[in-house]
Amino acid sequence: MSDTTPAHSPLGKASAYADQYDPALLFPLPRSDKRTELGLGERPPFFGVDLWTAFELGWLNARGRPQVAIAHITVPCESRNIVESKSFKLYLNSFNNTRFADAAEVLARIRTDVSEAVWRGGPVLSSVGVRLLSPEVFGRETVHELDGLSLDRLDIECDRYTPAPELLAAAMGEQPVSEVLTSQLLKSNCLVTGQPDWASLQIAYTGPQIEQGGLLQYIVSYRNHHEFHEQCVERIFMDIWTRCQPIKLSVYARYTRRGGLDINPFRTSHPQAFPANARTARQ
């Protein structure tokens, strides 16, 4: 068995929390394994990013005085790997008692280390994006729910709790529509530990009108599913893309934080501006 599988990651295991900078703590997991399961080749029919927010980042300045910041980290979905989230937390904790000249050095280290991890096994084709927010600007951080028509208004019966793409249907042969639909009822479970993962979901599309009741039942059907955030969003994208045949499609999920980290995957069929990394109330 490869040592890059989730079973070999820190997930679900007792871990020593290093407080001295250690980039070796980052544990990459190949995206290709789950994409092969979805029948995707080397060029999936989507672009996108994984937007990470790190709320528990701290280090020491040159005089030993603690510093804190919020980090926004943007990982391109074209990268070879994702980073297992507990290993990311352990990595960020390793900054805690390490002295750095300034925030710019911290930012540069995170960018270099995470870029190496997500491209490990091949050339680094692009660096990840990193932005550090100092306490002086914390007050500018806003809470904003995902825009769109809420599917949760529908009072429907739900009895499927593992992914059921057959619930998806669209009005084929009719004039295409453009809609943005949202739900706060997405729940899945960690692939390794089984812990619940909660998210808000936004689906924007142009194409045959998607039957909304079936779409909500499909979202709810992830309730007992075990998969990482990035993988769930790509599965949702591909099921809608295949079953409903939209002309354009984007899927965006904002997952609640765990261990001071939230992960927010965005996938789109067409080039467009990526969403701002603005948290929802549950995050």
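Owing to the predicted nature of the structure, the values given are computational and were not obtained by experimental measurement.

Visitor: Before we go on, may I ask you to explain the environment of Pro-196 in this structure?
Guide: Its location among the elements puts Pro-196 in strand S8 (residues 196-207). For the pair formed by Pro-196 and Asn-224, sequence separation is 28 residues and the distance between their alpha carbons is 8.7 Å. In this structure Pro-196 touches Lys-187, Ser-188, Asn-189 and Arg-258, once residues within four positions along its chain are discounted.

Visitor: I would appreciate a short explanation of the sheet that holds strand S7 (residues 177-189) in the present structure.
Guide: Strands in a sheet are paired, the pairing made by backbone hydrogen bonds, and the direction either parallel or antiparallel. Read across the open sheet, the eight strands follow the order S5-S3-S2-S10-S9-S8-S7-S6; overall the sheet is mixed. One side of each edge strand has no neighbouring strand; the edge strands of this open sheet are strand S5 (129-133) and strand S6 (149-150). As paired elements, S7 and S8 share 11 bridges and run antiparallel to each other. Pairing of Leu-186 across the sheet is with Ala-199, part of S8.

Visitor: Sorry, what's going on with the pattern of salt bridges here?
Guide: It is possible for side chains bearing opposite charge to pair when their charged atoms get close. As enumerated under the stated definition, the model contains 12 salt bridges in all. Measuring nitrogen to oxygen at the nearest pair gives 3.2 Å for the salt bridge that ties Lys-34 to Glu-227. Highlighted residues: Lys-34 in helix H1 (residues 32-37) and Glu-227 in the loop between helix H4 (212-220) and helix H5 (229-244), separated in sequence by 193 residues. A relative accessible area of 16% places Lys-34 in the buried class. The buried category is assigned to Glu-227, whose relative accessible area is 1%. Of the charged contacts, one joins Arg-267 and Asp-50 as a salt bridge, the two residues approaching to 2.9 Å between their closest N and O atoms.

Visitor: Looking at this model, I keep getting lost on the nonpolar core. Mind explaining?
Guide: It is characteristic of soluble globular proteins that their nonpolar side chains tend to be buried jointly. One finds Leu-186, Leu-201, Ile-203, Leu-215, Ile-236, Ile-240 and Val-251 to be the most contacted residues of the largest nonpolar core, which totals 29 residues. When residues of this core are traced back to their parent elements, those giving at least two are S7, S8, H4, H5 and strand S9 (248-255). Every residue in contact with Ile-203, bar those within four places of it in the chain, is listed here: Glu-179, Val-180, Leu-181, Leu-215, Ile-219, Ile-240, Leu-249, Ser-250 and Val-251. In terms of nonpolar packing, the next biggest core, distinct from the first, is built from 27 residues, Phe-88, Leu-92, Ile-110 and Val-118 among them.

Visitor: Looking at this model, I keep getting lost on empty space enclosed by the protein. Mind explaining?
Guide: The probe, sized like a water molecule, is rolled over the atoms to show the empty space still left. Enumeration according to the criterion identifies two cavities of 30 Å³ or more in this entry. A volume near 50 Å³ is recorded for the largest cavity. Considering the residues around the largest cavity, the lining is formed by Ala-54, Glu-56, Lys-89, Leu-92, Asn-93, Gly-259, Gly-260 and Leu-261. Sorting the residues of the lining of the largest cavity by element identifies strand S2 (47-60) and helix H2 (85-93) as the ones contributing at least two each. Among the elements that line the lining of the largest cavity, the one with the most residues is H2, at three residues. Residues belonging to the lining of the largest cavity are distributed by class as follows: three nonpolar, three polar and two charged. Surrounding the second largest cavity, Arg-31, Asp-50, Trp-52, Val-75, Ile-82, Val-83, Phe-88, Val-114, Val-118 and Glu-230 form its lining. Of the residues contributing to the lining of the second largest cavity, the split by class is seven nonpolar, no polar and three charged.

Visitor: I'm lost on the packing of aromatic side chains in this one. Help?
Guide: Any two aromatic rings considered together are summarised by their centre-to-centre distance and by the angle between their planes. Under the defined criterion, the tally for this structure stands at 11 aromatic pairs. Both rings, one in Trp-52 and one in Phe-88, keep their centres 4.6 Å apart while their planes meet at 40 degrees; by these two values the pair is tilted. Taken together, the residues span a long stretch of sequence, with Trp-52 in strand S2 and Phe-88 in helix H2 at a distance of 36 residues. Overall, Phe-88 belongs to the buried group, its relative accessible area being 0%. Taken together, a centroid distance of 5.8 Å and an interplanar angle of 85 degrees make the contact between Tyr-252 and Phe-266 edge-to-face. Highlighted residues: Tyr-252 in strand S9 and Phe-266 in strand S10 (residues 261-268), separated in sequence by 14 residues. The exposure class assigned to Tyr-252 is buried, which follows from its relative accessible area of 4%. Assessed through its relative accessible area of 4%, Phe-266 is described here as buried. Each member of the aromatic cluster is reached from another via a ring pair, and the members are Tyr-21, Trp-52, Phe-88, Tyr-91, Phe-95 and Phe-100. Of note, Lys-187 hangs over the ring of Trp-198, and the distance from its end group to the ring centre comes to 5.9 Å. Arg-257 extends its terminal NZ or CZ atom over the ring of Phe-55, reaching a point 3.6 Å from the ring centre.

Analysis parameters
- Residues numbered from 1 in each chain as written.
- Predicted model: local features only at pLDDT ≥ 70, side-chain atom pairs only at ≥ 80, totals over all residues.
- Heavy atoms only, no water.
- Helix = DSSP H or I, 4+ residues; strand = E, 2+ residues; numbered from the N terminus.
- Contact = heavy atoms within 4.5 Å.
- Pairing = 2+ DSSP bridges.
- Salt bridge = Lys/Arg side-chain N within 4 Å of Asp/Glu carboxyl O.
- Buried < 20%, exposed > 50% of the residue type's maximum accessible area, 1.4 Å probe, protein only.
- Core = buried A, V, L, I, M, F, W, Y, C linked by side-chain atoms within 4.5 Å.
- 1 Å grid on protein atoms, 1.4 Å probe; cavity = no way out; pocket = protein on both sides within 12 Å on 5 of 7 lines; lining within 4 Å.
- Points joined across faces, edges and corners; volume = space filled by probe spheres on them.
- Nonpolar A, V, L, I, M, F, W, Y, C, P; charged D, E, K, R; others polar.
- Phe/Tyr/Trp six-rings, centres within 6.5 Å; stacked < 30°, edge-to-face > 60°.
- Lys NZ or Arg CZ within 6 Å of the ring centre and 35° of its normal.

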